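Structural description and commentary
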Amino acid sequence: MDRNSTRFQAAADTLRSTKRAASLVWKTSPSLTLLLGALSLVAGALPAAIAWVGKEIVDAVVAANQSGASTEPVVQWVAAELGLIAVVAAAQRGIETCRQLLRAQLGFRVNEMILSKAASLPLTAFEDSEFYDRMTRARREASSRPLSLVMRTFQLGQHAVTLTSYGAILLSLSPIAVGILILAAIPSFVVEARFSQSVFRLFRWRAPETRMQAYLESLLAREDHAKEVKLYGLNDVFLDRYRQIFETVYAEDRKLALQRNAWGYVLGLLSRLAFYGAYAWIALKAVAGTISLGEMTMYLLVFKQGQSSLAALLSSLGQMYEDNLYLSNLYEFLEHATAEEDGIAFEGPRPGDGIRFENVSFRYPGADADAVSGLTLHLPPGRKLALVGENGAGKTTLIKLLTRLYDPTAGEILLDGRNLKEWDLPTLRSRIGVIFQDFVRYQLPAGENVGVGDPAAIDDRDRWREAATLGMADKVLEALPDGYETQLGRWFRGGQELSGGQWQKVALSRAFMRESADILVLDEPTAAMDAEAEATMFQRLSDLANDRMAILISHRFSTVRMADHIVVLHDGAIVEDGTHEALMAKNGRYAHLFGLQAAGYR
């Protein structure tokens, strides 16, 4: 692509981004946008009038001094200039007020758009480092750049109005003055646009380093990492890495800043040379009597301010180009492919058939092998299924497929005879109560920590207590200083921290918040519990599963043996299945693993 094509494309992209940003700002607040535009026009039109009034003041002073004319016109023109200055000051203050109010509203709106987009994306996107880089770039600048681009547009209009009026005044002196004014500003504009692109390139390249710095900050400053970091003496290691990233980034910034400002200084001298050349020319015209002293003052003021306005106009163009570069990050993120559309079915053609995996395979993006391969099984209502296998065997992946966090790459999963892809997603997930091994410890009040299991009932205190009783968290939460109102975690004032086993009971209670759930999925639900709590938990699960489907993942064979059916996974495939007794009789992999664990208790 040649340079002309590149420039044309850049201009087209800037125009397109400006339209999108203007639309976004307009939707955020039409009234503030209109007021901002009106005030920009006022602020752009009055400077030339002020310069002309200044000429009248000087000429009135000269007339009063030389011919003894009345001084009343001097006072009147000074009052007129004061009035114009007051109006301009009010317009500028109004512009700043609009900008501050729009910045707050727009910052929230754009971040809301980013978070809403993130919520609509599939889980695979969050497991992609490039996606995280894209989101990091979008969030770092996108909340301010749309407003910046629109402000530049208004400033462009303001400076254009000002320059038009200044140009009309300078043309009465000479067209050459207008030409000098324009030519002197172009070199600085070209350099600024070029360096804006260099700054943006650095910004894009740095997304991984920015995320790593943020991660290192969290390792050094968050309470959930502090214990291990201090115990292993990792503070200096992580702080040194944090420092190295800064030094690398700073070296690039320093080089660019020195180049940008050196060129800016050299080319800025051209503008100063042009002004003082015009200064001498206009002064000589006044000496020769070609123009009056007031006209000389006006032309000098107009030329100097015209130079500033043209520089500001060209700077606005360059900064609009820079804003467009940064906004491309936002649009790139917002246009990221979303998950496939949900189905519309609310029930299956064979109610009571339960869950069927039919030759299901799944491979993570970028992986060399399937995480789940050719898996077929059936779980009818009222039955308890246990999944057994070493870490990485595909147990948790299977659960993520069932909950449609992923879709199979081959085969299909059916619920009541209907493919999961055809189900209305909220309806499907309302039927599933799940606790993952890596459950979230929400920095929320205790009751809400349980209530998040069903967003529709997150404030239902009666439901909190019922679910907490089923999950064995009731006594833990009732013993807290403010009971279910106690803030959990250490992030906020008055927060109470729980033990690992207590947190697991809270997380387990969430699964019981969903009264409509007829599928219970428990991924290592008792890993942090003592033996007595574990036994109680599985007795309750057994009672609850009479008319429900229950899927249990556990490495504890003492709990696995309570399942009606046990599936042994290895490298994502089923290698054995049956009851505990049948699998022990086979004396295969399950019996071997059971024996190893049982030996530890002898």
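In this report, we go over the structure that sits alongside the text. (Residues numbered from 1 in each chain as written. Predicted model: local features only at pLDDT ≥ 70, side-chain atom pairs only at ≥ 80, totals over all residues. Heavy atoms only, no water.)

Once that is clear, we can look at the overall build of the chain. Counting its secondary structure elements, the chain contains 21 helices and ten strands. Across the chain, every contact between residues at least 6 apart in sequence was considered, and the portion connecting residues at least 24 apart equals 75%. Of the roughly 30900 Å² of accessible surface on the chain, a fraction of 56% belongs to carbon and sulfur atoms. (Helix = DSSP H or I, 4+ residues; strand = E, 2+ residues; numbered from the N terminus. Contact = heavy atoms within 4.5 Å. Areas by Shrake-Rupley, 256 points an atom, 1.4 Å probe, with all protein chains shown as cover.)

Attention shifts here to the packing of helix α3 (residues 72-120) against helix α6 (residues 145-171). For any two helices packed against each other, the geometry is given by the interaxial angle and the distance between the axes. As a packed pair, α3 and α6 sit with axes 9 Å apart at the nearest point and diverge in direction by 155°. In terms of orientation, α3 and α6 fall into the roughly antiparallel class. Between α3 and α6 lies a crossing of right-handed hand. Taking contact as the criterion, the partners of Gln92, Ile95, Arg99, Leu102, Arg103, Leu106 and Val110 in α3 are, on α6, Pro146, Leu147, Met151 and Gln158. For the contact of α3 with α6, the class distribution of residues is seven nonpolar, two polar and two charged. (Axes fitted to C-alpha atoms, helices over the stretch in contact; angles between N-to-C directions. Parallel < 35°, antiparallel > 145°, perpendicular 65-115°, else oblique. Left-handed = near helix turned anticlockwise from the far one by under 90°. Nonpolar A, V, L, I, M, F, W, Y, C, P; charged D, E, K, R; others polar.)

Another aspect to go through is the sheet that holds strand β6 (residues 432-435). With mixed pairing, the six strands of this open sheet are ordered in space as β6-β7-β8-β3-β9-β10. Each of the sheet's edge strands pairs with one partner strand only, and the pair in question is β6 and β10 (573-578). Along the sheet, successive strands turn relative to each other by an average axial angle of 15°, direction set aside. Its contacts with the sheet put helix α12 (residues 395-402) on β3 (384-388), β6, β7 (519-523), β8 (549-553) and β9 (565-570), and the angle it makes with β8 is roughly 150°. Helix α17 (residues 500-511) rests against β6 and β7 of the sheet, and its axis sits at about 170° to β6. (Pairing = 2+ DSSP bridges.)

Judged by nonpolar contacts, the single largest core of 30 residues is most densely connected at Ile355, Phe357, Leu387, Leu402, Leu415, Ile519 and Ile551. When residues no more than four places from it in sequence are discounted, the contact partners of Leu402 are Ile355, Phe357, Ile413, Leu420, Ile432, Ile519, Val521 and Ile551. (Core = buried A, V, L, I, M, F, W, Y, C linked by side-chain atoms within 4.5 Å. Buried < 20%, exposed > 50% of the residue type's maximum accessible area, 1.4 Å probe, protein only.)

The next thing to look at is the sheet that holds strand β2 (residues 372-379). One open sheet accounts for four strands, arranged β2-β1-β4-β5; its pairing is antiparallel. The sheet is open, and its two borders are formed by β2 and β5 (418-419), each paired with just one other strand. The sheet strands contacting α12 are β1 (355-362), β2 and β4 (410-415), and the helix crosses β1 at an angle near 115°.

This part takes up the packing of aromatic side chains. One pass over the full model with this rule turns up six aromatic pairs. Relative to Trp77, the ring of Trp52 lies with its centre 5.4 Å away and its plane at 85°, an arrangement referred to as edge-to-face. Residue Trp52 is found in helix α2 (residues 30-67), and its partner Trp77 is found in helix α3; the two are separated by 25 residues along the sequence. Residue Trp52 is classed as partly exposed on the basis of its relative accessible area of 39%. (Phe/Tyr/Trp six-rings, centres within 6.5 Å; stacked < 30°, edge-to-face > 60°.)

On to the side chain of Arg548. Tracing the chain through its elements places Arg548 in the loop between α18 (531-544) and β8. Residue Arg548 is classed as buried on the basis of its relative accessible area of 19%.

So, about the pattern of salt bridges. Inspection of the entire model under this criterion finds 13 salt bridges. In this structure, the salt-bridge partner of Lys384 is Asp564, at a minimum N-O distance of 3.6 Å. Taken together, the positions of Lys384 in strand β3 and Asp564 in the loop between α19 (557-560) and β9 put the pair 180 residues apart, joining distant regions of the chain. Classification of Lys384 as buried rests on a relative accessible area of 11%. The shortest N-O distance in the salt bridge between Arg463 and Asp454 comes to 2.9 Å. (Salt bridge = Lys/Arg side-chain N within 4 Å of Asp/Glu carboxyl O.)

For helix α15 (residues 461-470), the complete set of buried residues consists of Arg463, Trp464, Ala467 and Ala468. Taken around the axis of α15, the buried residues stretch over an arc of 130°, which confines them to a single face. Buried residues along α15 sit in contact with α14 (446-451), α16 (474-478) and α17. Sitting at the head of α15, Asp460 places a side-chain oxygen 3.1 Å from the backbone nitrogen of Asp462. (Arc of directions from axis to C-beta. Polar contact = N/O pair within 3.5 Å; in protein donor to acceptor, adjacent residues only side chain to side chain.)

A few words on the side chain of His580. For His580, the location among the structural elements is in helix α20 (residues 580-586). Judged by relative accessible area, His580 falls into the buried class, the value being 6%. Within the structure, His580 has its side chain in polar contact with the side chain of Tyr590 (distance 2.8 Å). Excluding anything up to four places from it in sequence, His580 contacts Arg561, Ile566, Tyr590 and Phe594.

Moving on to the pairing of β4. Regular strands have side chains that alternate between both faces of the sheet. Two strands pair when backbone bridges link them, and β1 and β4 are joined in this way by five bridges, in the antiparallel orientation. Bridge pairing in β4 places Ile355 opposite Leu415. Note: β4 against β5, two bridges, orientation antiparallel. Counted as the bridge partner of Leu415 is Arg418 from β5. In sequence, β4 turns back onto β5 through a hairpin of two residues, with Asp416 there showing a positive phi of about 55°.

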